[in-house]
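Next come the chains, spelled out residue by residue.
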Amino acid sequence: LNAKQTYLITGASSGIGYAYALQRASKNTHFILLARRQARLENLQQQLLEQGSSADIFTIDMSNLESVEALAKKLAQQYTNINELFLNAGMSLGHGKMETSTQDFNYLFRVNFLSNHTLLTPLLKSIPEHGSVVFISSLASLITMPSSIAYSSSKRAINAYAEGLRYSLLDKKIDVVNILPGFITTELTDKNDFSMPFLLPIDKAIKRIIKAVDTKAENYLFPKRFALLIILLNWLPRSIRNWYIKRVYQKRVTQT
Ligand SMILES: NC(=O)c1ccc[n+]([C@@H]2O[C@H](COP(=O)([O-])OP(=O)(O)OC[C@H]3O[C@@H](n4cnc5c(N)ncnc54)[C@H](OP(=O)(O)O)[C@@H]3O)[C@@H](O)[C@H]2O)c1
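Notes on the structure in this doc start here. These numbers were taken from a predicted model, which means no experiment stands behind them.

Here we look at the site of the ligand
Phase 1 of the analysis: Lining the immediate environment of the ligand, one finds 31 residues, of which Ser13, Arg36, Tyr151, Ile184 and Thr186 sit closest.
Phase 2 of the analysis: Within the contact set of the ligand, an oxygen atom lies 2.7 Å away from a side-chain nitrogen or oxygen of serine 13.
Phase 3 of the analysis: Here an oxygen atom of the ligand sits 2.7 Å away from a polar atom, N or O, in the main chain of isoleucine 184.
Phase 4 of the analysis: When the free accessible area of the ligand is taken as 870 Å², the share hidden by the protein chains comes to 96%.
Phase 5 of the analysis: At the level of elements, helix 1 (15–24), helix 4 (102–123), helix 5 (149–168) and helix 6 (187–190) are the ones that each hand at least two residues to the shell around the ligand.
Phase 6 of the analysis: Broken down by element, the shell around the ligand gets its largest block of residues, three residues, from helix 6.
Phase 7 of the analysis: Of the residues contributing to the shell around the ligand, the split by class is 14 nonpolar, twelve polar and five charged.

A look at the pairing of strand 2 (residues 29–35)
Phase 1 of the analysis: Counting buried positions along strand 2 gives seven out of seven residues, so the element sits mostly inside the fold.
Phase 2 of the analysis: With burial as the criterion, each face of strand 2 is covered, one bearing Thr29, Phe31, Leu33 and Ala35 and the other bearing His30, Ile32 and Leu34.
Phase 3 of the analysis: Where strand 1 (residues 5–10) and strand 2 come together, six bridges link them in parallel fashion. The residue of strand 2 that forms the bridge with threonine 10 is leucine 34.
Phase 4 of the analysis: Each parallel crossover has a hand, and for strand 1 linked through helix 1 to strand 2 it is right-handed.
Phase 5 of the analysis: Taken together, strand 2, helix 2 (residues 38–50) and strand 3 (residues 54–59) form a β-α-β motif whose crossover is right-handed.

As for the sheet that holds strand 5 (residues 132–136)
Phase 1 of the analysis: What the seven strands build is an open sheet, ordered 3-2-1-4-5-6-7; its pairing is parallel. Both outer strands of the open sheet, strand 3 and strand 7 (219–222), are each paired with one neighbouring strand and no more. Neighbour to neighbour, the strand axes of the sheet diverge by 15° on average, direction disregarded.
Phase 2 of the analysis: Here strand 6 (residues 175–181) runs beside strand 7; their pairing, made up of four bridges, is parallel. Note that in strand 7 the partner of leucine 180 across the bridge is leucine 221.
Phase 3 of the analysis: Strand contacts of helix 2: strand 2 and strand 3, with the helix running at about 175° to strand 3, the strand carrying the most contacts.

Comments concerning the pairing of strand 4 (residues 84–87)
Looking down a regular strand, the side chains alternate between one sheet face and the other.
Phase 1 of the analysis: Residue alternation in strand 4 divides its side chains into two sets, Glu84 and Phe86 and Leu85 and Leu87, and both sets are buried.
Phase 2 of the analysis: For strand 1 and strand 4, the ladder comprises three bridges, and the chain directions are parallel. Across the sheet, the residue bridging to leucine 8 is leucine 85, located in strand 4.
Phase 3 of the analysis: Bridge count for strand 4 against strand 5 is four bridges, and the pairing is parallel.

Parameters at a glance
Residues numbered from 1 in each chain as written. Predicted model: local features only at pLDDT ≥ 70, side-chain atom pairs only at ≥ 80, totals over all residues. Heavy atoms only, no water. Near = heavy atom within 4 Å. Polar contact = N/O pair within 3.5 Å; in protein donor to acceptor, adjacent residues only side chain to side chain. Areas by Shrake-Rupley, 256 points an atom, 1.4 Å probe, with all protein chains shown as cover. Helix = DSSP H or I, 4+ residues; strand = E, 2+ residues; numbered from the N terminus. Nonpolar A, V, L, I, M, F, W, Y, C, P; charged D, E, K, R; others polar. Buried < 20%, exposed > 50% of the residue type's maximum accessible area, 1.4 Å probe, protein only. Pairing = 2+ DSSP bridges. Right-handed = clockwise from strand over helix to strand, strands pointing away. Axes fitted to C-alpha atoms, helices over the stretch in contact; angles between N-to-C directions. Contact = heavy atoms within 4.5 Å.

None of this, on its own, says anything about what the molecule does.
As structure tokens, then:
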């Protein structure tokens with residue numbers, strides 16, 4: 001008999017978080033779902049119930065770190081066994097923007113990065129041995145376009161954080177999985193009006209994410225060909241790399 005698995009998912013109201021919960025659903029799963037849009041969370045909760053799972057929902061704005069901390073403390077008291085923290089909530093700032101205001105930069109960092117630390121710190125004690133913390137970073141953390149400095153920086157910060165957390169949790173036998181996806185069809189990418197290479201349908205992407213989480217991959221980069229292209233690009237001589245980035249960037253700016 002399989003023991004009940006509890007998943008806490010941030011950004012559960014749409015896209016990757018929503019689809020991940022649905023694909024994980026079974027009668028042995030319980031979900032703790034977080035996001036701002038309550039109606040969406042209720043909709044997901046209903047669908048999960050129909051699949052034999054149970055789910056609790058919590059509305060939270062991740063940009064408000066005080067609220068995140070208060071919720072995290074409440075959750076840590078309420079749940080003593082959370083097998084997986086799926087830290088997925090995130091936003092981008094529109095790739096056409098040439099400059100990001102300090103205020104926008106700060107907001108994005110709170111949502112994409114700082115909220116993860118704030119949420120997980122009180123909750124670490126609720127994760128049992130062989131439990132996991134999953135981060136949703138991005139291939140954009142490996143290359144920073146002039147139009148997405150804030151977004152790429154926040155995702156690169158996640159990579160560094162995940163690495164350190166992984167080492168710090170070795171003795172507790174808690175795994176840290178860092179997922180670096182390319183473009184996936186969600187509300188986030190619906191806003192992009194430039195062409196997105198190797199764009200993956202959500203269902204395909206979730207299957208790959210589940211496989212990476214189940215095999216406890218440390219850093220999972222996908223789609224593979226896109227990841228390879230970015231890695232190769234970073235190895236190119238500076239003059240060729242500069243020429244290529246300029247070309248892609250100009251195309252992007254004229255498209256948006
Ligand atoms: N789609 C891609 O191509 C792609 C590629 C690489 C990485 N990612 C990453 O994947 C993650 C999920 O994105 P997605 O593509 O699934 O986009 P999405 O459909 O827009 O989902 C974003 C989720 O984050 C939540 N969120 C955003 N701002 C929030 C806030 N201030 N407070 C609380 N929750 C907030 C949203 O919920 P509410 O609006 O209801 O609050 C929503 O559930 C993000 O971290 C994104 O950076 C996406």
